[in-house]
Each structure stands twice: as structure tokens, then as C-alpha cells.
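Structure assessment
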Amino acid sequence: MTSAPLLKLDDVEVVYQGNLLALRGISFDLAERGITALLGANGAGKSTTLKTISRLLAAEGGAVRRGSLHLRGADISRLTAADLVRRGVVHVLEGRRLFRHLTVEENLRMGAFSRSDTAAVRADLEAAFTLFPRLRERRGMKAGYLSGGEQQMAAIARGFMARPSLMLIDEPTMGLAPGIAQEVFAAIRDINATERVAFLIAEQNTALALSVADRVHVLESGKLALSRKVADLCSQEEIQALYLGRALQ
Ligand code: ATP
């Protein structure tokens, strides 16, 4: 018997404000410990896909009109965003959204709000600082004073503090200098390798996303236009199309 995938979306259709169609029948699986890149042009539906999974969609006036979502075989379509965090699904939103007046360490501890295993939280805080040495140096600094790259790292580290099995990350390198963007992706690769966390990453930087992902999905106007293992992306034409934010049919 094969076990259920970590996450399964089947024929998911999403509308905003009752009738604005944003996702038009999306189906894909995520494997335990995989890294999946979700690519596509502005407005293709990447953020909507992540919000659909984390259940933050309703807060934005969106709703799933058709299809199903299962986490390890369990229907999650009626759960709240807080339920999903408790089940190990953490969403790192676009724009980082740290508590600017709290310190880096306080922000990270907020990520563990649903946990009562105090000793393990302390150990995970150290693990987070090992993954992000820049944050250890700045642990007492107010988050509002961090650079953009450090804020992104802190947002990911805060998500890690919930001890997730799946992290949904929206545009982690937006507005970052190339070297810092690479550091952010290196940290994602480390978390995946050492902490066995699966990732679904919405990203416009195709080259960086493909450098860490093992699977790629490309969205076009709310539809999946291409789904591949990265190792199977062979034709130059196909790769070029990905760089242009569209996929060949
Ligand atoms: P971007 O990179 O620009 O964020 P995206 O691929 O993440 O793009 P989404 O933000 O998911 O795309 O948007 C998909 C579609 O849904 C777009 O047509 C967008 O205008 C629409 N949309 C997104 N959020 C809302 C909302 N809260 N209310 C109405 N329509 C929305």
C-alpha cells in the first residue's frame, strides 16, 4: 500500500468576492521533504495557491468553490489557519510581516506560540540561530532595524519555530540583492536537508528556485501549465519558457 502524499490538491477552483476566478482546477501532490517551486507571472495565482493551502484565503475574501485539499490523507478544507499551523503547515507571507517593535528573538519565539514543549522550543531557537548565524548576532535587535534580507531570514526562522513539516513561502527573494537572495535559498536548502521540512516556494526568480527545487509547477492565469521533476527539465526551449514565466503546452 502506498501512503498518502504530504499534501494533495485535486481540481481546486478558487474565487474572490464570489465570482472572480483565480484558480481554475489546480491538481498536484507534494511529497514529504520535497522542495517544490511554484512559478508564474504576476497574477498567475501563486499567492492564491499558498493561501488556499494555509487557509488564509477567507481573510482575503476568497473561497474554494470546487475540489479538495488533503494533508496526509485528511481533509483540511474546513480547518482554520491556526489548525493548519498545529498540523505542521506554516505560511511565510510575502512582505515578511515581522513584529517590528519586538526583538529578533521575541519574533522567533512568537513562531512557537502553539507549542508547550518549552525545553524543545529553547533548543529550536538555538537550531534557528545555527541555521541563520546573522540572526544570532542580532537576536536582541528590534526587527524593524534589520535589513530586508535579515527580515526575510527572520520570517523563515519564525516559521521554522513552529516545527513544521511543510513551509509555504511567498516570494522570499523579492527586493533582495542577488547575494542575499542566494543566502536565503541556501538556508531553505539547509532546513530541508537537516530538519526534513518540505517546501512550496512561490518565486519569480526562476534560476534560484530551480537551483534548490526538485519539482516545479508553472501557473498561467490560474491553471497549471507545466508540472515536472526539475531533473526532467531537459529541453532548452522548456527552460527558457520557464525563465519567461510561462510554460510550453
Ligand atoms: P503576484 O506575484 O503578483 O503576487 P500571484 O501569481 O501570486 O501574483 P495572486 O496574487 O494569487 O497571483 O492573484 C491571482 C489572481 O487573483 C489575480 O488576478 C489577482 O488580481 C486576483 N486576486 C488576488 N487577491 C485578490 C483579492 N484579495 N481579491 C480579489 N482578487 C484577488
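Residues numbered from 1 in each chain as written. Predicted model: local features only at pLDDT ≥ 70, side-chain atom pairs only at ≥ 80, totals over all residues. Heavy atoms only, no water.

Quick look at the site of the ligand
The environment of the ligand is formed by 16 residues, the closest being G43, G45, K46, S47 and T48. Taking G45, its main chain carries an N or O atom lying 2.9 Å from an oxygen atom of the ligand. Breaking the shell around the ligand down by element, the ones donating at least two residues are strand 2 (20-30) and helix 1 (46-54). Ranked by residues supplied to the shell around the ligand, first place goes to helix 1 with three residues. Across the shell around the ligand, the residue classes break down as five nonpolar, seven polar and four charged. (Near = heavy atom within 4 Å. Polar contact = N/O pair within 3.5 Å; in protein donor to acceptor, adjacent residues only side chain to side chain. Helix = DSSP H or I, 4+ residues; strand = E, 2+ residues; numbered from the N terminus. Nonpolar A, V, L, I, M, F, W, Y, C, P; charged D, E, K, R; others polar.)

A few points about the sheet that holds strand 4 (residues 62-71)
Pairing is antiparallel in the open sheet, where four strands are placed in the order 2-1-4-5. Whereas interior strands pair on both sides, the edge strands pair on one side only; in this sheet they are strand 2 and strand 5 (74-75). Alignment of strand 1 (residues 7-16) against strand 4, held across eight bridges, turns out to be antiparallel. Looking at strand 4, one finds that Y16 is bridged to G62. Relative to the sheet, helix 1 contacts strand 1, strand 2 and strand 4, its axis offset from that of strand 1 by approximately 115°. (Pairing = 2+ DSSP bridges. Contact = heavy atoms within 4.5 Å. Axes fitted to C-alpha atoms, helices over the stretch in contact; angles between N-to-C directions.)

Quick word on the side chain of E171
Positionally, E171 belongs in the loop between strand 7 (166-170) and helix 7 (178-195). Despite being buried, E171 has no salt bridge partner; K46 is the closest side chain of opposite charge, sitting 4.1 Å away. For E171, the side chain forms a polar contact with the side chain of Q204, separated by 3.5 Å. Residue contacts for E171: discarding those within four places in its chain leaves K46, E94, Q152, A202, E203 and Q204. (Buried < 20%, exposed > 50% of the residue type's maximum accessible area, 1.4 Å probe, protein only. Lys, Arg positive; Asp, Glu negative; His and termini not counted. Salt bridge = Lys/Arg side-chain N within 4 Å of Asp/Glu carboxyl O.)

Structural notes on the pairing of strand 8 (residues 198-202)
Within strand 8, five of the five residues are buried, which leaves it mostly tucked inside the rest of the structure. Along strand 8, one buried face is formed by A198, L200 and A202 and the opposite face, lined by F199 and I201, is buried too. Regarding the hand of the β-α-β motif, the stretch spanning strand 7, helix 7 and strand 8 is right-handed. (Right-handed = clockwise from strand over helix to strand, strands pointing away.)

Digging into the packing of helix 6 (residues 148-160) against helix 7
Describing two packed helices takes the angle between their axes plus the distance from one axis to the other. Between helix 6 and helix 7, the least distance of the axes is 9 Å, while the angle of their chain directions is 15°. Taken together, the axes of helix 6 and helix 7 lie roughly parallel to each other. Where helix 6 crosses over helix 7, the handedness of that crossing is right-handed. Packed against helix 6, whose contacting residues are G149, Q152, M153, I156 and F160, the element helix 7 presents I180, E183, V184, I188, I191 and E195 at the interface. Classifying every residue of the contact of helix 6 with helix 7 by side-chain character gives seven nonpolar, two polar and two charged. (Parallel < 35°, antiparallel > 145°, perpendicular 65-115°, else oblique. Left-handed = near helix turned anticlockwise from the far one by under 90°.)

Digging into the pairing of strand 10 (residues 223-229)
As defined by bridge partners, strand 9 (residues 215-220) adjoins strand 10 across six bridges and the pair is classed as antiparallel. Considered in strand 10, the bridge of L219 is made with L224. The antiparallel pairing of strand 9 with strand 10 creates a hairpin that spans two residues between the two strands, and S221 there sits at a positive phi of about 45°.

Overview of the pattern of salt bridges
Applying the stated criterion to the full structure yields 19 salt bridges. Of the charged contacts in the structure, one is a salt bridge between E13 and R65, with a shortest N-O distance of 3.1 Å. Taken together, the residues span a long stretch of sequence, with E13 in strand 1 and R65 in strand 4 at a distance of 52 residues. Among the salt bridges present, the one from R109 reaches E105, with a minimum N-O distance of 3.2 Å. Of this pair, R109 and E105 both sit in helix 3 (residues 104-110), four residues apart, roughly one helical turn. Counted as one network, the salt bridges with shared partners bring together E105, R109, E126, R136 and R139.

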